[in-house]
Amino acid sequence: MRDPVIVRRRIVVRGVVQGVGFRPFVYRTAVDLGLRGSVCNRGDSGVEVFVEGPALAADAFLEALFRDRPPLASIAGVSVEERTPEGDLGFAIVPSRGEGRASGTIPPDTAICRKCLAEIRGATRYRGYWATSCTDCGPRFTIIEGLPYDRPRTAMADFPLCPTCEGGYLDPLDRRYHAESTACPVCGPRLWFDGTEDEPLERAAAALSGGEVVAIHGLGGTHLACDALSSTALARLRRRLGRPGQPFALMTTEAVVPSFAEVAPEEWALLRGPERPIVALLQRCGVLPDAVAPGLHTVGVMLPYTGLHALLLDRVHGPLVMTSANRPGRPMWIDREEIERKAVGIADHCVTHERRIVARCDDSVVRRAGGRTVFLRRSRGYTPAQFAIDLGVEPILALGPETGIAFAVYGAGELTMSQHIGSVDNLETYAFLKGAVDHMERLLGLEAPRILACDAHPRFLTSSLAEEMATASGGRVVRVQHHVAHLASVMAEHRVEDAVGVVLDGYGYGQDGSAWGGEIFVASGGIVERVGSLRAVHLPGGDVATRFPLRVAAAYLAEAGVPLARLEAELSRRGLGAEASGALLRQWERGVNAPRTTSAGRFLDGVAAWLGVCRERTYEGEPAMRLEAAAARSKPLPLEVPVRRLGSGWEVDLVPVFRELAEGVGEAPLGRLAATAQSALARGVATAAIAVAQERGIRAVCLSGGVAANDAIAGELRTIVEASGRMLLTNEWAPCGDGGVAFGQAVAAGLRWRLLEANGSDAAAGEGGREHGG
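Thresholds, definitions, all that
- Residues numbered from 1 in each chain as written.
- Predicted model: local features only at pLDDT ≥ 70, side-chain atom pairs only at ≥ 80, totals over all residues.
- Heavy atoms only, no water.
- Helix = DSSP H or I, 4+ residues; strand = E, 2+ residues; numbered from the N terminus.
- Rg over C-alpha atoms; globule rule 2.2 N^0.38 Å.
- Buried < 20%, exposed > 50% of the residue type's maximum accessible area, 1.4 Å probe, protein only.
- Contact = heavy atoms within 4.5 Å.
- Lys, Arg positive; Asp, Glu negative; His and termini not counted.
- Charge placed at Lys NZ, Arg CZ, Asp CG, Glu CD.
- Phe/Tyr/Trp six-rings, centres within 6.5 Å; stacked < 30°, edge-to-face > 60°.
- Lys NZ or Arg CZ within 6 Å of the ring centre and 35° of its normal.
- Polar contact = N/O pair within 3.5 Å; in protein donor to acceptor, adjacent residues only side chain to side chain.
- Arc of directions from axis to C-beta.
- Axes fitted to C-alpha atoms, helices over the stretch in contact; angles between N-to-C directions.
- Parallel < 35°, antiparallel > 145°, perpendicular 65-115°, else oblique.
- Left-handed = near helix turned anticlockwise from the far one by under 90°.
- Nonpolar A, V, L, I, M, F, W, Y, C, P; charged D, E, K, R; others polar.
- Core = buried A, V, L, I, M, F, W, Y, C linked by side-chain atoms within 4.5 Å.
- 1 Å grid on protein atoms, 1.4 Å probe; cavity = no way out; pocket = protein on both sides within 12 Å on 5 of 7 lines; lining within 4 Å.
- Points joined across faces, edges and corners; volume = space filled by probe spheres on them.
- Pairing = 2+ DSSP bridges.

Thoughts on the overall build of the protein
Looking only at helices and strands, the protein has 22 helices and 33 strands in total. Its C-alpha atoms give the protein a radius of gyration of 28 Å, within 12% of the compact-globule value 28 Å for 774 residues. In terms of principal-axis extent, the alpha carbons of the protein reach across some 95 × 65 × 50 Å. Evaluated residue by residue, the protein yields a buried proportion of 62% over its 774 residues. Across the protein, contacts joining residues at least 24 apart in sequence account for 73% of those joining residues at least 6 apart. Averaging the coordinates of the 84 positive side-chain charges in the protein and doing the same for the 91 negative ones gives two points 2 Å apart.

Structural data, given as structure tokens:
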């Protein structure tokens, strides 16, 4: 029998392979196959493996890398080099190497696993310990200070391991081998209730059961918690926090969820997944107090994702409110001293710990819409995540618009989305954005960006920051029109080069300076053309109308020809007041402070206000969300929607539709009127998009914008488009709302997309993408 052929191979694995138990997996696999060599983390290339032994065993090793990889690992690429055998005597895990550019494979935070849950509830040394974790679970991104991902480069460096923990940490066959967040009650971070270590979880549970509000220091920030079934506790929290209507998320156990919500199989998979997002579920009628999610038919629910949460829910009955601890529009509290200071007057008690949060990271939020899972917020559990795409050789930083943003960075063929940042219209969030950008660029080892992508709006703080950074680095600013960025994000996700784009949202600065928001585009070969929109209306009061949407209703009805005297009386009857009604109608009539808008979001807001569903917006998207709730259990009326050719483009005319809805369409119930408004919007834009697709010979229709998260509208659009023989593509990796705009900005800037001027000339991507030196 011939001796086996002995080979030596250098294998470099890229992807999410650090901090997920990949090295011990490699060790065990190599030893089982009788291979010799080594494995280590590299700062510039993921994980580097040398294997030496029989060629058949080395081949089997490569197959096992893909087939049997750890559950949290994902492999983006593998390179293999043949080397000369060196006669290694065994297999070893060697210290990490930190030279070169960081790998970009920053692992996200992961929910506590079943094995750790069993340990904190069983007769083990981890019993009752809130910060228990292993290689398959626990904090990652929120504690990492540098790559490669090793304990000395994390917040856990503050907690030297006890001899028992160190033994497991150094044993390749142990579940906690190089689990960088591992800790136990002897050596790990401590937990306090109001500054004392005396039974913090028992005291927190008693306070919550007694109707009090408790601030709970968590994984990537802090929650404000209270009993979700106590109307008194809910009212107290809303009053103190200044959130009169914004829906609260709930945390509870799997056993309790079906008691107040309907859960589809796809939603169970999301709830139970290692990312543990908040999932918007359909409420069961009459179970939860309305104050949990005022006026909505859905409720955001998450299962416990840390040992602290699981142990707390073992001690309370029923669901808890778990809402972000921050004043409206401000970043979450993350530091113990900050929590104790800012919680005064809001929380009755504080549960805090001493593990530093390096990167603030809010909960992710998803829902099912139009038969797909869409992100309302992409953050904890998913961030940071890399998207492989070739945008050229120059590093890119895309800063997003202004409201509900995340940013994106690009380098070496990978685009990375940040955690949720929020609305950058105040100094605190602006500082958070700048700090998060610095942290991400440092982790990834990126050079100073040569391209700074931002929104075309001239007054956004993010646009000013792009100019400032470009001046400092010698880079250049690329302004990308808001809705073009939305379209680019969908096309990049699905890797299509030609598409008809339907972008529906509340607001984006238009190429002509007006407020866009109900747009139809054609994109082909990097050239974008606006080929249709909703019929524009003049919005009296401009931004004021977004807060008081009866102004939007007034604009639509005035455009529809309703006599102004009659309209003034109707507005007064709906609570606007005679003086205010007369003033806003004069604004509309004279065109003074009444900018034109094509916004789909404003149309839905106006309908919600006129029908009495929501007449004052207290948070982003509230009127349209309440309208969707009002329509949820009703069928739409078969109302005709005028769609007409205007020159070389198309116009969807919702003005006469609004008038028919306002007149009650034969005294139909409110629910049917709400459903009809949504259906009219969906049918109108679908008709126009299909007409454009037929003219241009394009098969793909891409839907994006905040309205794409509306289940009824997205679902009807999908049905109509697919019935025409075309495919409807939506955002599934990035959020469909403003949290995904930075992704599209980076794509449009890197690939030098261009938005045609209204006259057909080839203008740069901004007012829709104008480039200029920094």
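Regarding the packing of aromatic side chains
Counted under the stated rule, the structure contains eleven aromatic pairs. The rings of Phe387, Trp733 and Phe743 are connected pair by pair, giving a single aromatic cluster. Geometry around Trp733 places Arg378 over its ring, the cationic atom sitting 4.3 Å from the centre. Between Arg530 and the ring centre of Trp516, over which it is positioned, the NZ or CZ distance is 3.9 Å.

Considering the environment of Glu254
Mapping Glu254 onto the fold places it in the loop between β9 (250-251) and β10 (261-262). Other than its neighbours up to four places away in sequence, Glu254 contacts Arg114, Trp268, Arg272 and Leu303. Separated by 3.0 Å, the side chains of Glu254 and Arg272 make a polar contact.

Description of helix α5 (residues 200-209)
For α5, the complete set of buried residues consists of Pro200, Leu201, Ala204, Ala205, Ala207 and Leu208. All buried residues of α5 project into a common sector of 160° when viewed along the axis, lining one side. Against β6 (191-193), β7 (214-217), β8 (222-227), α8 (307-313), β13 (320-324) and β14 (349-353) lie the buried residues of α5. Trailing α5 by a residue or two, Gly211 shows a phi angle of about 85°, which is positive.

As for the environment of Val213
Mapped onto the secondary structure, Val213 falls in the loop between α5 and β7. Here Val213 falls in the buried class, since its relative accessible area comes to 0%. Spatially, the C-alpha atom of Val213 lies 60 Å from that of Gly647, the residues being 434 residues apart in sequence. Those residues in contact with Val213 that sit more than four places away from it in its chain are Leu224, Ala225, Cys226, Arg236, Leu237, Arg240, Ile346, Ala347, Asp348 and His349.

With respect to the packing of helix α14 (residues 550-559) against helix α16 (residues 578-590)
The contact between α14 and α16 brings their axes to 10 Å, and the two run at 50°. Regarding the angle of α14 to α16, the classification is oblique. By crossing handedness, the relation of α14 to α16 is classed as right-handed. Seen from α14, the contacting residues are Arg551, Ala554, Ala555, Ala558 and Glu559; seen from α16, they are Leu584, Leu585, Gln587 and Trp588. Of the residues assigned to the contact of α14 with α16, the class counts are six nonpolar, one polar and two charged.

Here we look at the nonpolar core
Membership of the largest hydrophobic core comes to 75 residues, with the highest contact counts inside it found for Val500, Phe603, Leu654, Leu681 and Leu717. Listed in part, the 72 residues of the second largest apolar core include Phe141, Ala310, Val365 and Val424.

Brief notes about empty space enclosed by the protein
Applying the stated criterion across every chain yields a total of seven cavities of 30 Å³ or more. Among the elements that line the lining of the largest cavity, the one with the most residues is α8, at three residues. By residue class, the composition of the lining of the largest cavity is eight nonpolar, nine polar and one charged. The space that makes up the second largest cavity amounts to roughly 100 Å³. Together, 17 residues line the second largest cavity, and Gly19, Val20, Gly21, Arg23 and His178 are the ones closest to its centre. The element contributing the most residues to the lining of the second largest cavity is helix α1 (residues 22-32), with three residues.

Overview of the environment of Pro24
Along the polypeptide, Pro24 turns up in helix α1. Owing to a relative accessible area of 5%, Pro24 belongs among the buried residues under this scheme. Once the C-alpha coordinates of Pro24 and Tyr177 are considered, the two residues, 153 residues apart in sequence, prove to be 6.9 Å apart. Residue contacts for Pro24: discarding those within four places in its chain leaves Ile93, Pro172 and Tyr177.

Description of the sheet that holds strand β2 (residues 36-42)
Strands sit in the order β4-β1-β3-β2-β5 across an open sheet of five strands; the sheet is mixed. Strand pairing shows two members of the sheet lacking a second neighbour, β4 (74-83) and β5 (91-93), which therefore form its edges. Within this sheet the neighbouring strands show an average axis-to-axis angle of 15°, counted without direction. Pairing between strand β1 (residues 6-16) and β4: nine bridges, direction antiparallel. Counterpart to Val13 in the pairing with β4 is Val78. Packed onto the sheet, α1 meets β1, β2, β3 (46-54), β4 and β5 and runs at close to 175° relative to β5. Helix α2 (residues 55-67) rests against β1, β3 and β4 of the sheet, and its axis sits at about 10° to β1.

A short note on the side chain of Ser379
Inspection of the secondary structure puts Ser379 in the loop between β16 (372-377) and β17 (385-388). With relative accessibility at 0%, the residue Ser379 sits in the buried group. Sequence-distant contacts of Ser379, defined by excluding residues within four places in its chain, comprise Cys361, Asp362, Asp363, Ser364, Gln419 and His420.

Regarding α1
Within α1, eight of the eleven residues are buried, leaving the element largely enclosed by the surrounding structure. All of the buried residues in α1 are Phe22, Arg23, Pro24, Phe25, Val26, Tyr27, Thr29 and Ala30. Close packing links the buried residues of α1 with β1, β2, β3, α2, β4 and β5. Where α1 terminates, the next one or two residues include Gly34, which has phi positive at roughly 75°.

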